[in-house]
Protein chains: 2
Amino acid sequence: MKILVLGAAGMIGRKLIERLLQHGSLRGQAISKIHGFDVVEGAIASTDSVEVTMSAGNISEPTVVDALVEDQPDVIFHLAAIVSGEAEADFEKGYRVNMRGTQNLFDAVIARTGYVPRIVYASSIAVFGAPFPEAIDDDFHLTPLTSYGTQKAIGELLLADYSRKGHFDGIGLRLPTVVVRPGKPNLAASGFFSNIIREPLSGLPAVLPVSEDVMHWMASPRSAVGFFIHAAELDGDVVGPRRNLTMPGLAITVGGMIEALRSVAGSKASDLIEHKTDPTIAGIVANWPRNFSADRAESLGFSSEKSFEAIIHAHLEDELDGKLP
Amino acid sequence: MKILVLGAAGMIGRKLIERLLQHGSLRGQAISKIHGFDVVEGAIASTDSVEVTMSAGNISEPTVVDALVEDQPDVIFHLAAIVSGEAEADFEKGYRVNMRGTQNLFDAVIARTGYVPRIVYASSIAVFGAPFPEAIDDDFHLTPLTSYGTQKAIGELLLADYSRKGHFDGIGLRLPTVVVRPGKPNLAASGFFSNIIREPLSGLPAVLPVSEDVMHWMASPRSAVGFFIHAAELDGDVVGPRRNLTMPGLAITVGGMIEALRSVAGSKASDLIEHKTDPTIAGIVANWPRNFSADRAESLGFSSEKSFEAIIHAHLEDELDGKLP
């Protein structure tokens, strides 16, 4: 079992490789090799049983992608992308990497006769655009309101059609917003969802730029990695022709998140959150999805946290050795 | 007012140019020039007031498309495409013409700073795939089950995002099956919808390869041309960010079509239809949409026939000088 991970230096890509190394097998076969690729070279060591290699480059170059599938990996995890904010700011770059990069991967696979790998593709709930119903179900149309969402939606369409034609065996995952992201606070519009939990759990202050009644759809990094592994294991025939799945998540308000933080870490943690509305961020977030019903994915065995307390505990265990500040 | 028509030699493209010449104006401005482009050169004469030119080539070549927008037409009708059956049989050609050809057009427009034409794009109800609800509404997701439908859906996504960014002002039209097509019977799976009406109206026999309870979504060529003209005239701000619209049509069973034929032309016409099931065609048609609710398009002023008798009369008037056989 050889595995290729595109986007290996990102937070999810890195955790995915670590989880694969812990498991040691995928689809019932021992993993012999994992190659990780990203714009910057990642650093994960080989184990006794699994050779881990890393390289860096740009998926918008067809020859680069072609070389990556040269040894015909059995499973390809495609998480490589320009993020939402950058794809919106740099129209040409977003399409070049997110759309043409994905086409380059799919076409490199097609070019190899008889090679039919499982491809697990990271899509996003950004494929949906307002106005939304109360909960977005599995039949709701794709009307992205960002270039990133458009590029992800095009990837979904290609993945479904190429899979239908038997060129590869693809599954697309519309990921919820991943919370709690480890690391430093960042300036992404969605950053505060993680900041207001992660920083207080380390005894540091955090700013909440929206009102407490903002609701959003979330899952932990641990669950997100679980989605990719589960998707790799799934029987494609059971999935059927609709190859892109909205992943399960938790719909919760910011107020609910803060209440959960208080119940886990006390008011000395939740009191570190400063309410300071940022009209720009509040305006962006107002157009984001609030709630989904992910019935298809759940019926296929995907699962995520049922409470925000569980999301906090996943963060404590995975990032802080289970310790409160 | 300069107009470019891609797909000018096709049935709708030709009728569209003829209608534009009859009108003489579009968006309140006198038409000075129409250029028609297709893989084969069309033949429509200039009038006293409008210069009509034609050329032939392939939209999959960026330089060809770039030359077509050189003089910055105010309105571009993009109807050029490899048809459904051919796109399914020749995977590479379908993507090259239908997807990359459309991208070539959009990118050629973007490359010209300050040039923001209205683009009217021919999409299709093939962007939808079974299983369907009772009637497909404006919020139903795009799950094409053909490469043609996938390519059209990708064009829709690009059109919406490029329009949102102000690169051009696009409107996409999901056309119903167009009935009654003039000309000879063809081997397209959908051909029988036209054959069973057109042939008997000319005193010729026709074969019905599916059962009479098959229901489908149809509009006349006259209405289809009307959709393109109306879309060209629309205020983009009124349309909003959801730039792709399911066009109105008539949901009717084959039995209802035959009954309408009998009421218009008598049983000597309807008796010319031979029932002879073709399992292949019946199987293909079983996955086609049966019915839609096109509320958004109707609220924006698009309209089509309310009865199949009206569709037959449109054919008699437009193709047979209003005469029954």
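Calculation criteria
- Residues numbered from 1 in each chain as written.
- Chains lettered and ligands numbered in written order.
- Predicted model: local features only at pLDDT ≥ 70, side-chain atom pairs only at ≥ 80, totals over all residues.
- Heavy atoms only, no water.
- Contact = heavy atoms within 4.5 Å.
- Buried area = accessible area lost by both parts, 1.4 Å probe.
- Salt bridge = Lys/Arg side-chain N within 4 Å of Asp/Glu carboxyl O.
- Helix = DSSP H or I, 4+ residues; strand = E, 2+ residues; numbered from the N terminus.
- Domains from an automatic or database assignment.
- Polar contact = N/O pair within 3.5 Å; in protein donor to acceptor, adjacent residues only side chain to side chain.
- Nonpolar A, V, L, I, M, F, W, Y, C, P; charged D, E, K, R; others polar.
- Pairing = 2+ DSSP bridges.
- Axes fitted to C-alpha atoms, helices over the stretch in contact; angles between N-to-C directions.
- Buried < 20%, exposed > 50% of the residue type's maximum accessible area, 1.4 Å probe, protein only.

(A) Representation of the interface of chain A and chain B. The interface is formed by 33 residues belonging to chain A together with 33 residues belonging to chain B. On the chain A side of the interface with chain B, the three residues burying the most area are Phe91(A), Leu157(A) and Arg242(A), jointly 23% of the side's total. Linking chain A to chain B there are six salt bridges. Close ionic contact of Lys165(B) with Glu88(A) constitutes a salt bridge, the shortest N to O distance being 3.4 Å. Secondary-structure elements contributing two or more residues to the side of chain A that touches chain B are helix H4 (91-110) and helix H5 (147-164) of chain A. Considering each element in turn, the side of chain A that touches chain B owes the most residues, nine residues, to H5(A).

(B) Just the domain arrangement of chain A, in detail. Residues and elements named next belong to chain A. Split by domain assignment, chain A resolves into domain 1 (2-178 + 219-246) and domain 2 (191-217 + 250-290 + 306-319). Taken over C-alpha atoms, the centre of domain 1 sits 28 Å from the centre of domain 2. On the domain 2 side, the residues contacting the 11 residues of domain 1 number 12 residues. Taken together, the two surfaces of domain 1 and domain 2 that pack against each other cover about 1,000 Å², and 57% of this comes from carbon and sulfur. When the buried surface of domain 1 facing domain 2 is broken down by residue, Ile125, Thr177 and Arg222 rank first, second and third, together holding 41% of it. Taken together, the links from domain 1 to domain 2 amount to three salt bridges. The residue Glu317 makes a salt bridge to Arg222 at a minimum N-O spacing of 2.8 Å. Here domain 1 and domain 2 share five residue pairs in polar contact (both at pLDDT 80 or more) between them. Tallied by class, residues from the side of domain 1 that touches domain 2 come to seven nonpolar, two polar and two charged.

(C) Region of the structure containing the side chain of Glu156(A). Within the element layout of this structure, Glu156(A) appears in helix H5. Beyond its immediate sequence surroundings of up to four residues, Glu156(A) is in contact with Tyr121(A), Ser123(A), Val127(A), Leu142(A), Arg174(A) and Asn244(A).

(D) Quick peek at the sheet that holds strand E13 (residues 250-253) of chain A. Residue and element names in this part refer to chain A. One open sheet accounts for three strands, arranged E9-E11-E13; its pairing is mixed. Strand pairing shows two members of the sheet lacking a second neighbour, strand E9 (177-178) and E13, which therefore form its edges. Helix H9 (residues 254-265) rests against strand E11 (215-219) and E13 of the sheet, and its axis sits at about 90° to E13.

(E) Region of interest: unusual backbone geometry. Omega for the peptide link from Ala130(A) to Pro131(A) comes to 0°, which places this bond in the cis form. Inspection of the secondary structure puts Pro131(A) in the loop between strand E7 (118-124) and H5. Phi is positive for Asp321(A), close to 50°, though the residue is something other than glycine. Assessed through its relative accessible area of 65%, Asp321(A) is described here as exposed. Backbone geometry at Gln72(B) places phi at a positive 50°, although glycine is not the residue there. Examined against the element boundaries, Gln72(B) turns out to sit in the loop between helix H2 (62-68) and strand E6 (75-78).

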